[in-house]
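# Summary of structural features
What follows is each chain in one-letter form.
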Amino acid sequence: MFEVSLILGASLFLAYPIGRYMANIFSGQVHFSDRFFSPLEKLLYRLMGVNPDDNFGWQKYIKHFLVSNAVLLVLAFIGLMLQQHLPLNPDAIGPLSWHLALHTAISFLTNTDQQHYSGQSQLSYWSQSGVLVTLQFISPAMGLAICVAVLRAMRGDKTLGNFYVDLVRGILRLLLPLSIIFALLLTSQGVPSNFDGAISAQTVENAQPQIIPTGPVAALVAIKQLGSNGGGWFGPNSAHPFENPTPLSNALEILLILLLPMAVVFMAGRLLRNSGFTRLTLLSMTILSAICIAGIFYSEQQPNTAFMDLSAQSPNMEGKEVRFGSLTSALWATVTTQTSNGSVNNMHDSLNPIGGLVTRSGMLINAIWGGVGCGLINFIVYIWMTVFLAGLMTGRTPEVFGRKIEKNEILLLAILLILPVLCILGFTAIAVSFPSITANSHSGFHGLSQVFYEYASAYANNGSGFEGLGDNTVWWNLSTSVCLLLGRYLPLLLPLMIAANMAEKRVAPSTLASLHIDNVTFGGTLIAVIVIVNFLSFLPSMVLGPIGEALLSP
């Protein structure tokens, strides 16, 4: 517990100055970092043909966001399809199928990194480092740019800045420097950082030599954790000793999962010029996070049901690394699903039923810290919903920062409320209705959980998996790709439209009848709305999945 407390405390401690720094670089004001980065940024703007002084309205901001995503998708797909003809392929890895290449490109573009392949055996160094790591920098920076635009609109700005300026600053001034620092720290712990081919090692049993892949692993691990990406170099992800060799590397990687999502909370208050917003967000997220952590700790301290009849019982260690133990493995499992990170240092399919319920709940809420930028946007959506409901209950006008929430905003919020239910439950129902699709899945309650988790992970842009599925098929690659796209773009763009519409409205003066969001009462109501909305929407699937499995356990 001391180690757990130290990791969480260090994450919060480091998030505060980084959040202040992020607010400064996105404020458009003169900053000390200008002397280091401005010359390189100006060169990039010239190469891109971008006028950094051009301020975008919300329509233009969205247009350039979507066009750049479409271009990146085409380039990534081509790069993956042609990997056998490209350099940095010392192990002579062959081509991917078209549907796997498409799923992989969409997955990494949407900041999900859901993997239906085994990285070390199916992707070349070029695909991993040249294509996927590039997307792991760009996709979180794009989410952060949209978040900054939403915050500008919420404070009343009619123009939202320049998408390309926000994107470049997020990469050059934030993600790249931090990734270099943490990649060096991980390399010091033994994470490989080379371009050598696989190593042939003689085993102790003196049998056939074992082929051990290496490569520039540290660079990918640093940005996969820092940018809420989650895709691993190796199939077992951070359970693999090359991705996560020591207790210190384990602690660093958990810290990186939380660092920027926490920092965004501090950034938001400064950009909005409203410290009460930061207090509300930080306290609400911390309470929800603590509930999830307590729930999974309790679950994984119980013995695995397969060993219930044994006299010597211990915490559930199935699917976990002995060198990390039960508690830090459980901590990783919940923070990676509280955020949209999705990396793992243990197998979620082996969690006790309540542990599995906690991880999927984090993905369904998708706003307990959340992804870089995306998590705060989802949290703001919950704030708007709560303001509307609280206004109905108290007879007060639903407004945020003096701007009313009216019919058009409610219609867009309703889409965001219904969309995950239709997407996740719809595809789950189709998959389980045709046994040939889920032939490799477990039967009964756990089998339904495996299918549900796959689609929830895709829609939440999380990327972790319950596994147990033979998911490298046309059905799984294409159906989850639909969830990836819907779960990425509509939850980003519809809130930007809502915030921009509200920015056009006249600000009403604050009176005693105004609904204030920076108090304990509203915070408690907000938490209740978050829990009720998600549990009512998905309660039947929970009863038919982890709750039913837990009730059947001895």
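Up top you'll find the structure we're talking about.
Everything in this summary refers to the structure shown in the same document. (Residues numbered from 1 in each chain as written. Predicted model: local features only at pLDDT ≥ 70, side-chain atom pairs only at ≥ 80, totals over all residues. Heavy atoms only, no water.)

Here we come to the overall build of the protein. The helix and strand inventory of the protein stands at 17 helices and four strands. In terms of overall dimensions, the protein is globule-like: its C-alpha atoms have a radius of gyration of 23 Å, near the 24 Å expected for 554 residues. With the C-alpha coordinates of the protein rotated into their principal frame, the extents come out at 80 × 60 × 45 Å. Classification of the 554 residues of the protein by burial places 57% in the buried group. Put simply, the protein shows about 21,700 Å² of open surface, and 67% of that area lies on carbon and sulfur atoms. Side chains of the protein carry 25 positive and 27 negative charges; the gap between the two charge centres is 18 Å. (Helix = DSSP H or I, 4+ residues; strand = E, 2+ residues; numbered from the N terminus. Rg over C-alpha atoms; globule rule 2.2 N^0.38 Å. Buried < 20%, exposed > 50% of the residue type's maximum accessible area, 1.4 Å probe, protein only. Areas by Shrake-Rupley, 256 points an atom, 1.4 Å probe, with all protein chains shown as cover. Lys, Arg positive; Asp, Glu negative; His and termini not counted. Charge placed at Lys NZ, Arg CZ, Asp CG, Glu CD.)

All right, on to a nonpolar patch on the surface then. Taken together, Leu40, Leu43, Leu47 and Met48 make up a surface patch of nonpolar side chains, about 380 Å² in accessible area. Within the secondary structure layout, leucine 47 lies in helix α2 (residues 34-48). (Patch = residues over 30% accessible without salt bridge, like charges linked within 9 Å, V, L, I, M, F, W, Y side chains within 5 Å. Salt bridge = Lys/Arg side-chain N within 4 Å of Asp/Glu carboxyl O.)

Look at helix α9 (residues 247-272) against helix α11 (residues 325-338): their axes get within 10 Å of each other, and the N-to-C directions meet at 20°. On the basis of the axis angle, α9 is roughly parallel to α11. Both α9 and α11 take part in a crossing whose hand is left-handed. Contact residues: α9 offers Asn250, Glu253, Ile254, Ile257 and Leu258, while α11 offers Thr328, Leu331, Trp332, Val335 and Thr336. For the contact of α9 with α11, the residue count by class is six nonpolar, three polar and one charged. (Axes fitted to C-alpha atoms, helices over the stretch in contact; angles between N-to-C directions. Parallel < 35°, antiparallel > 145°, perpendicular 65-115°, else oblique. Left-handed = near helix turned anticlockwise from the far one by under 90°. Contact = heavy atoms within 4.5 Å. Nonpolar A, V, L, I, M, F, W, Y, C, P; charged D, E, K, R; others polar.)

Here we take up the packing of helix α10 (residues 275-301) against helix α12 (residues 353-365). For the pair α10 and α12, the least separation of the axes is 8 Å and the interaxial angle reads 155°. In terms of orientation, α10 and α12 fall into the roughly antiparallel class. Between α10 and α12 the crossing geometry is left-handed. Between α10, through Cys292, Gly295, Ile296, Ser299 and Glu300, and α12, the contact on the second element is made entirely by Ile354, Gly355, Val358 and Thr359. Here the residues of the contact of α10 with α12 are counted per class, giving four nonpolar, four polar and one charged.

By size, the foremost hydrophobic cluster in this structure holds 141 residues, and its most contacted members are Leu151, Leu260, Met267 and Trp384. Apart from residues no more than four positions distant in its own chain, methionine 267 is found in contact with Gly19, Met22, Ala23, Phe26, Leu144, Cys147, Val148 and Leu151. In this structure, Leu357, Phe427, Leu469 and Met542 belong to the second largest nonpolar core, which totals 24 residues. (Core = buried A, V, L, I, M, F, W, Y, C linked by side-chain atoms within 4.5 Å.)

This part is about the packing of aromatic side chains. Within this structure, the stated rule accounts for 17 aromatic pairs. Considering the side-chain rings of tyrosine 16 and phenylalanine 266, the 5.3 Å spacing of their centres and the 85° angle between planes classify their relative orientation as edge-to-face. Taken as a pair, tyrosine 16 in helix α1 (residues 2-26) and phenylalanine 266 in helix α9 lie far apart in primary sequence, 250 residues in all. According to the relative accessible area criterion, phenylalanine 266 is buried, its value standing at 12%. Among the aromatic residues, those joined into a ring-pair cluster are Phe56, Tyr61, Phe65, Phe163, Tyr164 and Tyr489. (Phe/Tyr/Trp six-rings, centres within 6.5 Å; stacked < 30°, edge-to-face > 60°.)

Bringing the pattern of salt bridges into the picture now. Two side chains bearing opposite charge may form a pair once their charged atoms approach each other closely. Tallied over the full model, the rule gives 11 salt bridges. In this structure, glutamate 41 and arginine 173 form a salt bridge, with 2.7 Å as the shortest nitrogen-oxygen distance. With glutamate 41 in helix α2 and arginine 173 in helix α7 (residues 163-188), the pair connects residues that are 132 residues apart, well separated along the chain. Just as glutamate 41 is buried, arginine 173 falls in that class too. A single network of salt bridges, built from pairs that share partners, joins Asp34, Glu41, Arg169 and Arg173.

Bringing unusual backbone geometry into the picture now. Even without being a glycine, asparagine 237 presents a positive backbone phi close to 60°. Its location among the elements puts asparagine 237 in the loop between α8 (217-226) and α9. By relative accessible area, asparagine 237 is classed as buried at 4%.

Mapped onto the elements, glutamine 114 comes out in the loop between α4 (98-109) and α5 (119-122). A polar atom in the side chain of glutamine 114 sits 3.1 Å from the side chain of histidine 103. A distance of 3.3 Å separates polar atoms of two side chains, one belonging to glutamine 114 and the other to glutamate 454. With residues near it in sequence (within four places) discarded, glutamine 114 still touches His103, Ser107, Glu454, Ser457, Ala458, Gly463, Thr480 and Leu484. (Polar contact = N/O pair within 3.5 Å; in protein donor to acceptor, adjacent residues only side chain to side chain.)

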